[in-house]
Amino acid sequence: MARPAIQPLEIETGFVDDHAAATASLPGAATQGVERENAIKVFAVDGLPHRRLEDYRYFDLRQMLAKVGPLAVTPGADNATASDDANDVFANIDRYVAVVINGRLDTSKSDLTGLPEGVAFTSYADAVDADWVKAAFNSAEGPQDSVAALNRAYASDGVAVRVSAGVKVDKPIEVRWLSAGDTGTHYHARSVVVVEEGADLTLLETRGDDASAPVFATNTLRLVVGDKATLRHAAVYADSEASVRVAQKSVTLGEAADYQTLGLAVGAGRARTGEHVHFAGEDAKGAINGLSLLRGKAVMDNTLFVDHAVPNCDSEETFRSVLDDASRGVFQGSILVRKDAQKIDSQMQARALLLSRKAEMDAKPMLEIYADDVICAHGSAIGEPDQNAIFYLMSRGIDEKTARALLVAGFLDDVVDGFDDGDIAAALKTLLAARLGAPDDMGQEVAL
Amino acid sequence: MAAVQETVRDVEGLGQGDKYKYGFYTDIESDKAPKGLNEDIVRFISAKKGEPEWMLEYRLEAFRRWLDMEEPDWAKVNYPKIDYQDYYYYSAPKTQGDGPKSLDEVDPELLRTYEKLGIPLNEQKMLAGVAVDAVFDSVSVVTTFKEKLSEAGVIFCPISEAVHSHPELVKEYLGSVVPSTDNYFAALNAAVFSDGSFVYIPKGVRCPMELSTYFRINERDTGQFERTLIIADEGSYVSYLEGCTAPMRDEHQLHAAVVELITHYDAEIKYSTVQNWYPGDEDGKGGIFNFVTKRGDCRGDNSKISWTQVETGSAVTWKYPSCVLRGDNSSGEFYSIAISNGAQQVDSGTKMIHLGKNTKSRIISKGISAGKSSNAYRGMVSIYPNAEDARNFTQCDSLLIGDRCSAHTVPYIESRNPTAVLEHEATTSKLSEDQLFYCQARGLPEEEAVALLVNGFCREVLQQLPMEFAVEAQKLVGISLEGSVG
């Protein structure tokens, strides 16, 4: 049907009109200028993605931002805060910490002392012209949509980490994404992490804001896991209801690489994680997991694309959502097995528990298979907590609220337990338990 | 095993495109509209059928809508752009006088065609339980067993006849499930539909026989636009069979059918299809474009609609038989076998829309791709907020034979009610070498072994077919996969 031209939103025209002035104050104005200008031209044509685009069918960014007035690019601030969950989750783990405020690395608040030799850690803006950063981004695959263009156009800062071949980083590196600003802000961060051949890194991310003002952020993360290298990645998203966020991860796995990621969304914001995992070397393994424990009007969209381009790789994708109030979980997962990528074993699972009448789950687990000698499967199940199991627990003397919390905790912990680092798994489980009021704090109000 | 033996014999006799069994051409002078599509053609079709004014208006409105619509491009199929002005939109076999009064009056050429097709029309009256409404290039020529049906009060006639004989029913139901604004091909169909079947089962009647239609595309460059409307009134039951073959043609042929099913309180419709139209040759030359909109509306409580399809033919298939589960306790089923070989492209699946309480749906889809074909399942299960205790089970299995074909699964699962339980499973794998080896070790030739294993893979769906279809379908499974191994 002939579609009428879409009237640009105030926020969209704002992005385009303010671009020149706003980016002048961003780091790397001299070196990134041309790319930024080209990117904003692309965005000016396409605008924000909306539900008529298949990829954003369940995450109508245009509608989400329709009522948000123009946002400003604000510099970093001293009073940047994060939600308690984001603050506390990894507090007891011995780690390096990088603090990024409004998309700019704040070295004064970061604690990176003692990083082993062979680990290069800088701000993205400082490293943007380095050959290895350019190479990493030039080889990146993933959607070139208008969000990617906006991110490019306003690219501010982020982190750039390179772990040299054979180096095993002794402690996890945590990147904390904070935001500050009284009137609302938008920022667009870019980061790159390269784990070279045989190296080993655990990367943590925490993200959260305290709902003082609207935040719209896009975050591009480029991960390169070299041959025989290992990358464990865990992220906690504790966004407030005032935030709208789109994270785009592009991952490339080398030969016999081992990649593991777990994203845990416990916030009330509207967020999307788009992950593109490209198997470029044989015998690589990937475990891509996502958990959501949502309330209020939260939306968590996990959009995943797994590209099996070479033979003999295994991938496992497990996504689980627990949805309360009027929250909405989205899973769009796609496994592509290219021609001649034989002997692939790929298992994708998306499950959801709906706890409220207004909650909603939308799942789209897709397979696209061009090679015949593969085992690929996906499963999806949506329902409410098993009444029989609740009845059983109650018959053993456990009150209903605790029984429900136990079931929900079990549903989520199952995936956390699979994470390859016991301390981190324990930290995540503590966070979930606190949220659920079970099983550690039996008798406490169930937070859900 | 007899069926398998027969399959092997058939395979020997058939093979690829150039040997297509039904690829003959009957030379009957056609009564054609000029090529192309415009308002005059729509008026011509309507006038040719002597339709009342309201029907013409319906067509014209759909046509105007169609002009503003865009051809959908989301399906996983590739085909050259269709020039809609390059088709004939009406052709009818010429008959002597006003129409045949009995089988003797039917054009003998036509009868011979049916014989080759394996429809024993001469024996129809003796054959138990099947009434055939034979559609030959858009116009129903012969309808048998009418007497027995009318005794039961069942109306089974060409839709062009129903427009005159039962205008109140056609007016009430036509387009009420698939409105002409639904999609591009539905709009096209509404504008130019040639003919099709109309079935009305009155209250409390269990249709005394299985109703069946054979469609056949014959004339060169003829678009076929069938329109089928089946209404099952309260407490009634009908099983409807649709089977298709088409002669070989080099030009792509377009088929855009619309099928609408309506079940009222406690009624049930079982709709089975075997589709084995000409799939084109190995390089994708020729073959049918099959763009079909099929939808059932479980309007009344406790009603049921069941779709079973065996899709082996057509160059390009775009087909999603769906159920709108409106009434409480209503249920929808979709059983499908889609086989693609050569250069065929299939994008098929279903939609189950749960609106009422305690609604149930079951989807079993078996996709088999061989050669360099592409086979996609695309389906949606949507639970609306009021669909208390709704239940869905979906299983989509894909089987790959050879390393040049592809299989895709694109399910959409949406739940907005916590009491609903949805399960979805999908697997993709290749034909087990172990099983194949075992069968061969027991003396079965490879091709026979493949047919046997694939028939086993499809068993859950084949079981759903009425007897006479099941036999044909089982043969087709083997024939369709001919040349796919080794």
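Residues numbered from 1 in each chain as written. Chains lettered and ligands numbered in written order. Predicted model: local features only at pLDDT ≥ 70, side-chain atom pairs only at ≥ 80, totals over all residues. Heavy atoms only, no water.

**Looking at the overall build of chain B**
Each helix and strand in chain B was counted, giving twelve helices and 24 strands. For chain B, the proportion of its 486 residues judged to be buried stands at 63%. Counting only carbon and sulfur atoms, one obtains 46% of the accessible surface of chain B, whose full area is about 17,600 Å². (Helix = DSSP H or I, 4+ residues; strand = E, 2+ residues; numbered from the N terminus. Buried < 20%, exposed > 50% of the residue type's maximum accessible area, 1.4 Å probe, protein only. Areas by Shrake-Rupley, 256 points an atom, 1.4 Å probe, with all protein chains shown as cover.)

**Digging into the overall build of chain A**
For chain A, the count of helices and strands is eleven helices and 19 strands. Expected size for 448 residues packed as a compact globule is a radius of gyration near 22 Å; at 21 Å, chain A falls within 12% of this value. Along the three orthogonal principal directions, the C-alpha set of chain A runs to about 70 × 55 × 45 Å. For chain A, with 448 residues in total, the buried portion stands at 60%. Put simply, 85% of the contacts in chain A that link residues at least 6 apart link residues at least 24 apart. As displayed, chain A offers around 17,000 Å² of accessible surface, 49% of which is attributable to carbon and sulfur atoms. Counting 43 positive and 68 negative side-chain charges, chain A places the averaged centre of each group 5 Å from the other. (Rg over C-alpha atoms; globule rule 2.2 N^0.38 Å. Contact = heavy atoms within 4.5 Å. Lys, Arg positive; Asp, Glu negative; His and termini not counted. Charge placed at Lys NZ, Arg CZ, Asp CG, Glu CD.)

**Quick word on the packing of helix H3 (residues 29–46) of chain A against helix H8 (residues 146–153) of chain A**
All names here are of chain A. Between H3 and H8, the least distance of the axes is 7 Å, while the angle of their chain directions is 145°. Of the two elements, H3 crosses H8, and the hand of that crossing is left-handed. Only Ser146, Ala149, Leu150, Arg152 and Ala153 of H8 make contact with H3, whose side of the interface consists of Gln32, Glu35, Arg36, Ala39, Ile40, Val42, Phe43 and Asp46. Of the residues belonging to the contact of H3 with H8, the class tally is seven nonpolar, two polar and four charged. (Axes fitted to C-alpha atoms, helices over the stretch in contact; angles between N-to-C directions. Left-handed = near helix turned anticlockwise from the far one by under 90°. Nonpolar A, V, L, I, M, F, W, Y, C, P; charged D, E, K, R; others polar.)

**Details of the domain arrangement of chain A**
Accessible area lost when the parts come together is the quantity often used to give the size of an interface. Residue and element names in this part refer to chain A. Split by domain assignment, chain A resolves into domain 1 (10–384) and domain 2 (386–448). Taking only C-alpha atoms, the centre of domain 1 and the centre of domain 2 are 27 Å apart. Taken together, the 30 residues of domain 1 in the interface contact 22 residues of domain 2. Each partner contributes to the roughly 2,400 Å² buried at the junction of domain 1 and domain 2, and carbon and sulfur atoms together form 74% of this total. The interface formed by domain 1 and domain 2 holds one salt bridge in total. Residue Asp414 pairs with Arg320 through a salt bridge whose shortest N-O separation is 3.2 Å. Linking domain 1 with domain 2 are five residue pairs in polar contact (both at pLDDT 80 or more), by the criterion used here. Going through the elements one at a time, strand S7 (200–208), strand S9 (230–238), strand S11 (258–265), strand S13 (285–294), strand S15 (314–323) and strand S17 (345–354) are the ones with two or more residues in the side of domain 1 that touches domain 2. (Domains from an automatic or database assignment. Buried area = accessible area lost by both parts, 1.4 Å probe. Salt bridge = Lys/Arg side-chain N within 4 Å of Asp/Glu carboxyl O. Polar contact = N/O pair within 3.5 Å; in protein donor to acceptor, adjacent residues only side chain to side chain.)

**Side note on the pairing of S13 of chain A**
Regular strands show a simple pattern: their side chains alternate between the two faces of the sheet. Residues and elements named next belong to chain A. Of all ten residues that make up S13, eight are buried, and the element is covered over most of its length. Where S11 lies against S13, eight bridges are found, and the strand directions are parallel. Counted as the bridge partner of Gly263 is Gly290 from S13. Note that S13 and S15 share ten bridges and pair parallel. Bridging across to S15, Leu294 finds its partner in Leu323. (Pairing = 2+ DSSP bridges.)

**Thoughts on the nonpolar core**
By size, the foremost hydrophobic cluster in this structure holds 106 residues, and its most contacted members are Leu201, Leu253, Tyr259 and Val337 of chain A together with Leu211 of chain B. Per element, the largest residue contribution to this core is five residues, and it comes from strand S8 (residues 215–225) of chain A. In contact with Val337 of chain A, other than residues within four places in its own chain, are His308, Ile344, Glu368, Ile369, Tyr370, Ala371, Val374 and Cys376 of chain A. Counting 55 residues, the second largest nonpolar core, distinct from the first, contains Ile159, Tyr200, Ile262 and Phe291 of chain B. (Core = buried A, V, L, I, M, F, W, Y, C linked by side-chain atoms within 4.5 Å.)

**Let's talk about unusual backbone geometry**
One non-glycine residue, Lys228 of chain A, lies in positive phi territory at about 55°. Among the secondary structure elements, Lys228 of chain A is positioned in the loop between S8 and S9. Phi at Ser314 of chain B is positive, roughly 70°, even though this residue is not glycine. Inspection of the secondary structure assignment puts Ser314 of chain B in the loop between strand S14 (304–311) and strand S15 (316–319).

**Section: the interface of chain A and chain B**
Taken together, the contact between chain A and chain B spans 37 residues of the former and 36 residues of the latter. If you look at where chain A meets chain B, you find four salt bridges. Two residues, Glu360 of chain A and Arg416 of chain B, come together in a salt bridge whose shortest N-O distance is 4.0 Å. Within the residue set of the side of chain A that touches chain B, elements represented by two or more residues are strand S18 (360–369) and strand S19 (375–383) of chain A. Top contributing element to the side of chain A that touches chain B by residue count: S18 of chain A, with ten residues. For the side of chain A that touches chain B, the per-class residue count stands at 19 nonpolar, six polar and twelve charged.

**Brief notes about a negative patch on the surface**
Residue and element names in this part refer to chain A. On the surface, a cluster of negative charge is made up of Glu197, Asp227, Glu255, Glu282, Asp283, Asp314 and Glu316. Its place among the elements puts Glu316 in strand S15. Given a relative accessible area of 47%, Glu316 falls into the partly exposed group. (Patch = residues over 30% accessible without salt bridge, like charges linked within 9 Å, V, L, I, M, F, W, Y side chains within 5 Å.)

**Let's talk about helix H9 (residues 433–441) of chain B**
Between a side-chain oxygen at the N-terminus of H9 of chain B and the backbone nitrogen of Asp434 of chain B the separation is 3.3 Å; the capping residue is Ser432 of chain B. Of the residues one or two after H9 of chain B, Gly443 of chain B is the one with positive phi, at around 100°.

**Details of the packing of helix H3 (residues 53–68) of chain B against helix H8 (residues 184–192) of chain B**
Residue and element names in this part refer to chain B. Orientation of H3 relative to H8, taken along the N-to-C sense of each, is 145°, at an axis distance of 7 Å. Read as a crossing pair, H3 and H8 show a hand that is left-handed. For the pair formed by H3 and H8, the contact residues are Tyr58, Arg59, Ala62, Phe63 and Trp66 on the first element and Tyr184, Ala187, Leu188, Ala190, Ala191 and Val192 on the second.

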